[in-house]
Amino acid sequence: MALWGGRFTQDSDVRFKHFNDSLVFDYRLFHEDVEGSRAWAKSLVTVNVLTQDECASLIQALNELEQEMTGRENEIALAGDEDIHSYVERRLIEKVGALGKKLHTGRSRNDQVAVDLKLFCRRACDEILKSIRGLQRQLLKVADENQGVIFPGYTHLQRAQPVTFSHFCLAYLQMFDRDFVRLSNARDLLNVCPLGSAALAGTAYPMDREELAKNLGFKGATHNSLDAVSDRDHVMELLSAASISLVHLSRLSEDLIIYNSGEANFIELSDKVTSGSSLMPQKKNPDACELIRGKAGRVVGALMGILTTVKALPLAYDKDLQEDKEGLFDALDTWHECLDMMSLVFEGIKLNKDKIEAAAKGGYSNATELADYLVSKGVPFREAHDIVGQVVLYAISVAKPLEDLSVDEFKKFSAVIADDVYPILSLQSILAKRNVLGGVALEQTKAEIAALKQHLNA
Ligand code: ARG
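In this text, all values refer to a predicted model and were calculated from it rather than measured experimentally.

What follows deals with the site of the ligand. Taken together, Ser22, Asp83, Arg109, Asn110, Val113, Tyr317, Gln322 and Lys325 make up the full set of residues adjacent to the ligand. Here serine 22 contributes a side-chain N or O atom positioned 3.2 Å from a nitrogen atom of the ligand. At a separation of 2.7 Å, a nitrogen atom of the ligand approaches a polar side-chain atom of asparagine 110. Considered on its own, the ligand offers 350 Å² of accessible surface; in the complex 84% of this is hidden by protein. Residue contributions to the shell around the ligand peak at 3 residues, all from helix H7 (residues 109-145). Class assignment for the residues of the shell around the ligand results in 2 nonpolar, 3 polar and 3 charged.

If you want it as structure tokens, here you go:
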């Protein structure tokens with residue numbers, strides 16, 4: 001039964017009904033619709049539409065309905081009603097008869113869906129914020145356990161300067177921290193209640209909308225009814241936050257895939273998050289990371305979808321806005337799942353320390369140190385840079401790392417190079433010199449880990 005039959009003389013075409021109905025996906029707003037309806041019933045008492053007793057009966061019926069369907073939400077999708085609002089109203093009328101028909105007084109599905117979706121977003125934010133913290137804690141644990149593991153650092157995917165595996169983990173931890181703040185900010189901005197805006201002009205029942213907002217846990221009520229029913233900024237913002245975070249997760253996945261490859265062999269991903277090939281028995285594929293990298297695409301796609309849907313949409317509510325939900329639900333589920341999956345990936349990660357150290361030592365990643373050494377002996381940096389370039393070229397030709405060249409060999413390029421060059425070229429010294437806030441020195445990492453432990457527990 002539709003909520004609007006009176007003005008129509010013909011039934012909808014079944015194909016149109018199928019096209020128009022949103023229950024198959026907006027059944028996910030069931031709890032929010034019930035929650036919003038309870039608060040609305042209370043407000044209707046304040047404007048003398050419902051008596052206290054009627055309100056109590058409606059709330060009891062809503063509670064019953066919620067209890068009955070908890071754990072069976074999937075069944076709601078198949079109930080055949082137009083949308084979740086129609087479903088809840090029908091079920092309510094089945095329970096309490098004519099009284100159930102009073103609940104929609106002064107309310108429209110336009111403000112109802114707006115408030116339901118905001119309640120849903122708020123809850124989703126809280127869950128995802130927890131998962132971000134979970135991943136950060138896991139990264140911190142791995143960073144803590146591998147503080148001394150020197151790792152090749154890259155620019156242009158060419159070995160550049162040594163870093164540590166901890167420093168690498170903490171880099172991503174920082175990105176996820178920004179994701180956390182971004183999502184918290186979005187939650188804060190959306191936490192304003194549109195209910196009472198009715199279809200577009202505001203409800204005709206003079207209720208205290210601030211009170212209604214408080215009853216639903218919002219920090220306040222919206223100030224313009226046209227905006228309130230057509231605003232989907234929160235959908236765009238959550239999808240934007242999700243997209244940025246998925247980009248971070250995808251970059252991390254890509255790094256891990258490279259480090260896990262047979263060519264690098266720096267890390268080994270656990271059997272728990274990899275799979276085999278049906279043909280090639282030797283294979284162990286990094287599927288979890290590949291899937292995260294792949295899923296970033298559909299989350300970014302959902303963001304493009306809502307931006308394009310809302311662009312050029314006239315005020316106020318248009319049915320186009322019903323297209324806000326599927327992309328959002330899918331993207332938030334995906335984000336949540338990817339965060340948890342990445343935690344699992346780091347739970348079982350193993351480091352091949354020998355391969356890592358050999359790689360960190362190779363690739364002439366201490367060449368900058370030699371240039372700085374020459375500078376310390378009075379050679380201008382530009383000149384030093386050129387000298388070291390020639391030394392590297394020579395070292396490549398004799399297939400030796402810089403630290404294996406003799407003083408005599410060095411002297412062919414610059415007379416100022418002496419015995420004291422060797423300690424400078426060691427990986428330990430390279431790290432230790434970068435003892436600046438945000439630098440790779442072990443001392444910095446240690447302090448940072450201590451600070452992050454506090455931060456993540458706060
Ligand atoms: N199902 C709609 C949505 O998801 C809400 C209904 C608004 N319908 C209307 N005729 N104004 O946006």
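So that's the structure; there's more coming.
Time to look at the pattern of salt bridges. Taken as a whole and assessed by the stated rule, the structure comprises 34 salt bridges. Put simply, aspartate 177 and arginine 133 hold a salt bridge, and the shortest N to O gap is 3.1 Å. Here aspartate 177 is found in helix H8 (residues 165-190), whereas its partner arginine 133 is found in helix H7, with 44 residues between them in sequence. For the pair aspartate 177 and arginine 133, one class covers both residues: buried. Connected via shared salt-bridge partners are Glu64, Glu68, Asp81, Arg90, Arg91, Glu94 and Lys95.

Next up on the list: helix H15 (residues 367-376). Burial in H15 covers these residues: Ala367, Glu369, Leu370, Ala371, Tyr373 and Leu374. For H15, the secondary structure elements touched by its buried residues are helix H16 (381-397), helix H17 (407-411), helix H18 (421-425) and helix H19 (427-433). Just downstream of H15 lies glycine 378, where phi reads positive at about 95 degrees.

Axis separation between helix H3 (residues 30-46) and helix H6 (residues 84-96) bottoms out at 10 Å; the angle between their running directions is 60 degrees. Comparing the axis directions of H3 and H6 gives the class oblique. Considering how the two elements wind past one another, H3 and H6 form a crossing that is right-handed. Contacts between H3 and H6 involve Phe30, Asp33 and Val34 on the former and, on the latter, Ile84, His85, Tyr87 and Val88. For the contact of H3 with H6, the residue count by class is 5 nonpolar, 1 polar and 1 charged.

Cut-offs and rules
Residues numbered from 1 in each chain as written. Predicted model: local features only at pLDDT ≥ 70, side-chain atom pairs only at ≥ 80, totals over all residues. Heavy atoms only, no water. Near = heavy atom within 4 Å. Polar contact = N/O pair within 3.5 Å; in protein donor to acceptor, adjacent residues only side chain to side chain. Areas by Shrake-Rupley, 256 points an atom, 1.4 Å probe, with all protein chains shown as cover. Helix = DSSP H or I, 4+ residues; strand = E, 2+ residues; numbered from the N terminus. Nonpolar A, V, L, I, M, F, W, Y, C, P; charged D, E, K, R; others polar. Salt bridge = Lys/Arg side-chain N within 4 Å of Asp/Glu carboxyl O. Buried < 20%, exposed > 50% of the residue type's maximum accessible area, 1.4 Å probe, protein only. Contact = heavy atoms within 4.5 Å. Axes fitted to C-alpha atoms, helices over the stretch in contact; angles between N-to-C directions. Parallel < 35°, antiparallel > 145°, perpendicular 65-115°, else oblique. Left-handed = near helix turned anticlockwise from the far one by under 90°.

Taken by themselves, the reported measurements are silent on function.
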